[in-house]
Amino acid sequence: MSRYVTVPRPTEHAAIRACERSPRPAPQIPAILADLITANRLGDRHGVNLCAHMVARVSLEEVGE
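Colleague: Would you mind showing me how to read the overall build of the protein here?
Modeller: Along its length, the protein carries three helices and zero strands. Starting at the N terminus, the α and β elements of the protein follow one another as α-α-α. Within the protein, the fraction of its 65 residues that count as buried is 8%. Accessible surface computed for the protein: about 6300 Å², of which carbon and sulfur atoms make up 58%.

Shown next, in the form of structure tokens:
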């Protein structure tokens, strides 16, 4: 008998469905760039990466393909 039991998380599925129903507007590029500069000054490599990807998503209609 397995010791590990998978616990269903209905709230996770509900949150994903709610996000799919109502898309959020993307933040403005100047605000993202300000956060990018702040993350860079603080040495937050993860924050820099997140902000750089967010700028790419906002500025380009389709990223990758």
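Continuing now.
Colleague: I tried to follow the environment of G47 on my own but got confused; where do I start?
Modeller: Here G47 is to be found in helix 3 (residues 45-59). Its relative accessible area of 11% is what places G47 among the buried residues. As a C-alpha pair, G47 and D35 span 12 residues in sequence and 8.3 Å in three-dimensional space.

Rules behind the numbers
Just so you know, the residues in each chain are numbered from 1, in the order the chain's sequence is written. For a predicted model such as this one, the threshold for reporting local features is a pLDDT of at least 70, and the threshold for listing and counting side-chain atom pairs is 80 or more; totals across whole chains, interfaces and linings nevertheless cover every residue. Only heavy atoms go into the side-chain values, all of them from the structure, while hydrogens and water stay out. Put simply, DSSP H or I for four residues or longer makes a helix, DSSP E for two residues or longer makes a strand, and each gets a number counted from the N terminus. Three exposure classes are used, based on accessible area relative to the maximum for each residue type with a 1.4 Å probe and protein chains only: buried under 20%, partly exposed in between, and exposed over 50%. Residue burial considers only the protein chains on display, and all accessible areas are found by Shrake-Rupley using a 1.4 Å probe.

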